[in-house]
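Inside the fold
Below are the chains, spelled out letter by letter.
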Amino acid sequence: MEKGLVVTQLDVTPGECIKVKGKIEADAKGFAVNVGKDSYTLMLHFNPRFDCHGDVNTIVCNSKEDGTWGEEDRKADFPFQQGDKIEMCISFDETEATVKLPEAEFKFPNRLGMEKIEYLAVEGDFKVKAIKFS
Ligand SMILES: CCCO[C@@H]1O[C@H](CO)[C@@H](O[C@@H]2O[C@H](CO)[C@H](O)[C@H](OCc3cn(Cc4ccccc4)nn3)[C@H]2O)[C@H](O)[C@H]1NC(C)=O
């Protein structure tokens, strides 16, 4: 299965926004947006699941430190539908990461105390249209 979009060598600092714009596949099972240092060390794995890993319409968030997943955080809200065109803004500060959507916002602790985001990956059933840094 081909890898999704991967962006490295970033230098995103607190308060800045990573805007990810794209379309959820019509038959999506799930997708993930990962930000952090690299694929082994993630500040945030933001993983909306339509129907995968035993989850239905659930957002699973987690961190990863040196290749080891942390404790999962399942969100109550699920503002996604298969086939949706969406735009999300990912930002962070010393205490938490934020994923802001037009009608929902999700927070996740900055467990690793990361001071910059160097890595962005978008995986799964999501077609990236554009990435913008502001
Ligand atoms: C109850 C005992 C077993 O627990 C299950 O353990 C699974 C394996 O660790 C957990 O699934 C993993 O959860 C991680 C977050 O905590 C990640 O989501 C793991 O997936 C990583 C990954 C991304 N991708 C690319 C991708 C992403 C989205 C859609 C399609 C491909 N491929 N593998 C995913 O495999 C899964 O969330 C967990 N379920 C629960 C309820 O804890």
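The structure this text deals with has already been given above.
Reading the values: the criteria
- Residues numbered from 1 in each chain as written.
- Predicted model: local features only at pLDDT ≥ 70, side-chain atom pairs only at ≥ 80, totals over all residues.
- Heavy atoms only, no water.
- Disulfide = S-S within 2.5 Å.
- Helix = DSSP H or I, 4+ residues; strand = E, 2+ residues; numbered from the N terminus.
- Buried < 20%, exposed > 50% of the residue type's maximum accessible area, 1.4 Å probe, protein only.
- Salt bridge = Lys/Arg side-chain N within 4 Å of Asp/Glu carboxyl O.
- Near = heavy atom within 4 Å.
- Polar contact = N/O pair within 3.5 Å; in protein donor to acceptor, adjacent residues only side chain to side chain.
- Areas by Shrake-Rupley, 256 points an atom, 1.4 Å probe, with all protein chains shown as cover.
- Patch = residues over 30% accessible without salt bridge, like charges linked within 9 Å, V, L, I, M, F, W, Y side chains within 5 Å.
- Lys, Arg positive; Asp, Glu negative; His and termini not counted.
- Charge placed at Lys NZ, Arg CZ, Asp CG, Glu CD.
- Phe/Tyr/Trp six-rings, centres within 6.5 Å; stacked < 30°, edge-to-face > 60°.

Attention shifts here to the state of the cysteines. Within the structure shown, the criterion is met by one disulfide. Disulfide pairing places Cys-17 opposite Cys-89 at an S-S distance of 2.1 Å. With Cys-17 in the loop between β1 (5-7) and β2 (18-24) and Cys-89 in strand β8 (residues 85-92), this pair connects stretches of sequence that are 72 residues apart. The residues Cys-17 and Cys-89 share a single accessibility class, namely buried. Counting only cysteine sulfurs, Cys-61 is the nearest neighbor of Cys-52, a cysteine outside any disulfide, at a range of 13 Å. Overall, the relative accessible area of 19% leaves Cys-52 in the buried class.

Next up on the list: the pattern of salt bridges. For side chains bearing opposite charge, pairing can occur when the charged atoms are close. By the definition in use, this model includes 10 salt bridges. Note that Glu-105 and Lys-107 form a salt bridge whose closest N and O atoms lie 3.7 Å from each other. According to the relative accessible area criterion, Glu-105 is partly exposed, its value standing at 42%. A salt bridge links Glu-118 to Lys-116; the nearest nitrogen and oxygen atoms lie 4.0 Å apart. Because the salt bridges share partners, they merge into one network encompassing Arg-49, Asp-55, Glu-72 and Arg-74.

Further remarks concern the site of the ligand. The full set close to the ligand counts 13 residues, and His-45, Arg-49, Asn-62, Glu-72 and Glu-123 are the nearest of them. Contacts to the ligand include Asn-62, whose side-chain N or O atom sits 2.9 Å from an oxygen atom. Contact with the protein chains covers 51% of the free accessible surface of the ligand, which is 850 Å². Secondary structure elements with two or more residues in the shell around the ligand: β3 (31-38), β4 (41-52) and β11 (119-124). Considering every element that reaches the shell around the ligand, the biggest residue donor is β4, with three residues.

A few words on a positive patch on the surface. On the surface, Lys-21, Lys-23, Lys-85 and Lys-129 cluster together into a patch of positive charge. Lys-23 sits in the partly exposed class, given a relative accessible area of 36%.

Counted according to the given criterion, the structure contains six aromatic pairs. Both rings, one in Phe-46 and one in Phe-106, keep their centres 5.8 Å apart while their planes meet at 50°; by these two values the pair is tilted. With Phe-46 in strand β4 and Phe-106 in strand β10 (residues 104-109), the pair connects residues that are 60 residues apart, well separated along the chain. This pair shows no difference in class: Phe-46 is buried, exactly as Phe-106 is.

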